[in-house]
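# Chains, contacts and geometry: an overview
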Amino acid sequence: MSAALASTYYVVIKHRNSIETWSGSPLSFSGPTINYNFSSAASQAYGNNLKLVAGKYVLYAGDVNQDGIIDLGDMIPVDNDESSFTTGYLNSDVNGDGLVDSSDMILLDNNSALFISKVVP
């Protein structure tokens, strides 16, 4: 086995419009499979950077421009696409329903008010 695989590493999730989220602790890559459940507890993410929704912990949505913080810079592209009734698999479709509308802006505004940003090891 490679010495590199005998070490432990953090796992990161990056998604088109969610906050970059890291595993709560380093994981071993020495076995044939790696299993990790981000949804079971806030502590599964580094810095407890998850949101509880319907009994599961989920990633924070709204980092449309992928700069590591949900803020006004993310609202501008959502507002522009909302006014054009844009549809499809887009960064500005914050809730993932295929349509950029006021529900995306509400979700983004709520997460922005919480000063959500990426937390890295």
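Now for a description of the structure that goes with this document. Note that the structure is predicted; figures quoted are calculated from it, not measured.

## Topic: the packing of helix 1 (residues 72-83) against helix 2 (residues 102-113)
Following both chains from N to C, one finds helix 1 and helix 2 inclined at 170°, their axes separated by 10 Å at the closest point. The orientation of helix 1 relative to helix 2 falls into the category roughly antiparallel. Of the residues in helix 2, those in contact with Asp74, Met75, Val78, Asp79 and Glu82 of helix 1 are Ser102, Asp104, Met105, Leu108, Asp109 and Ser112. Partitioning the contact of helix 1 with helix 2 into residue classes produces 4 nonpolar, 2 polar and 5 charged.

## Observations regarding helix 2
Taking 1.5 Å as the rise per residue, helix 2 with 12 residues should run 16 Å; its terminal C-alpha atoms sit 16 Å apart, in good agreement. Among all positions in helix 2, only Asp104, Met105, Leu108, Asn111 and Ser112 are buried. The buried residues of helix 2 occupy one face: seen down the axis, they fall within an arc of 135°. Away from its buried face by more than 90 degrees, helix 2 exposes Ile106 and Ala113. On its buried face, helix 2 sits against strand 5 (51-53) and helix 1. One or two residues past the end of helix 2 sits Phe115, with phi positive at roughly 55°.

## A word on the side chain of Ser92
Mapped onto the elements, Ser92 comes out in the loop between helix 1 and helix 2. Note on Ser92: relative accessible area 3%, which makes it buried. A polar atom in the side chain of Ser92 sits 2.5 Å from the side chain of Asp81. The residues touching Ser92, leaving out its near neighbours within four places in the chain, are Val64, Pro77, Val78, Asp81, Val100 and Asp104.

## Some points on the nonpolar core
Most often, soluble globular proteins keep nonpolar side chains buried together rather than apart. Membership of the largest hydrophobic core is limited to 12 residues, which are Ile19, Tyr60, Ala61, Val64, Ile70, Met75, Val78, Val94, Val100, Met105, Leu108 and Ile116. Listed by contribution, the elements that provide at least two residues to this core are helix 1 and helix 2. Discounting residues that sit within four places of it in the chain, Ile116 has contacts with Ile19, Asn49, Tyr60, Ile69, Ile70 and Asn111.

## Digging into the side chain of Asp104
Position of Asp104 relative to the elements: it lies in helix 2. Although buried, Asp104 forms no salt bridge, and the nearest oppositely charged side chain, Arg16, lies 7.9 Å from it. Not counting chain neighbours up to four residues away, the residues in contact with Asp104 comprise Val78, Ser92, Asp93, Val94, Asn95 and Leu99.

## Description of helix 1
A rise of 1.5 Å per residue sets the reference length of helix 1, with its 12 residues, at 16 Å; its end C-alpha atoms lie 17 Å apart and thus fit the reference within 8%. All of the buried residues along helix 1 are Asp74, Met75 and Val78. For helix 1, the arc enclosing every buried residue in end-on projection is 95°, short of the 170-degree limit, so these residues lie on one face. Of the residues in helix 1, the exposed ones pointing more than 90 degrees away from the buried face are Leu72 and Ser83. On its buried face, helix 1 is in contact with helix 2. Looking one or two places after helix 1, you find Phe85, whose phi comes out positive at around 55°.

Analysis parameters
Residues numbered from 1 in each chain as written. Predicted model: local features only at pLDDT ≥ 70, side-chain atom pairs only at ≥ 80, totals over all residues. Heavy atoms only, no water. Axes fitted to C-alpha atoms, helices over the stretch in contact; angles between N-to-C directions. Helix = DSSP H or I, 4+ residues; strand = E, 2+ residues; numbered from the N terminus. Parallel < 35°, antiparallel > 145°, perpendicular 65-115°, else oblique. Contact = heavy atoms within 4.5 Å. Nonpolar A, V, L, I, M, F, W, Y, C, P; charged D, E, K, R; others polar. Expected span 1.5 Å × (residues − 1). Buried < 20%, exposed > 50% of the residue type's maximum accessible area, 1.4 Å probe, protein only. Arc of directions from axis to C-beta. Polar contact = N/O pair within 3.5 Å; in protein donor to acceptor, adjacent residues only side chain to side chain. Core = buried A, V, L, I, M, F, W, Y, C linked by side-chain atoms within 4.5 Å. Lys, Arg positive; Asp, Glu negative; His and termini not counted. Salt bridge = Lys/Arg side-chain N within 4 Å of Asp/Glu carboxyl O.

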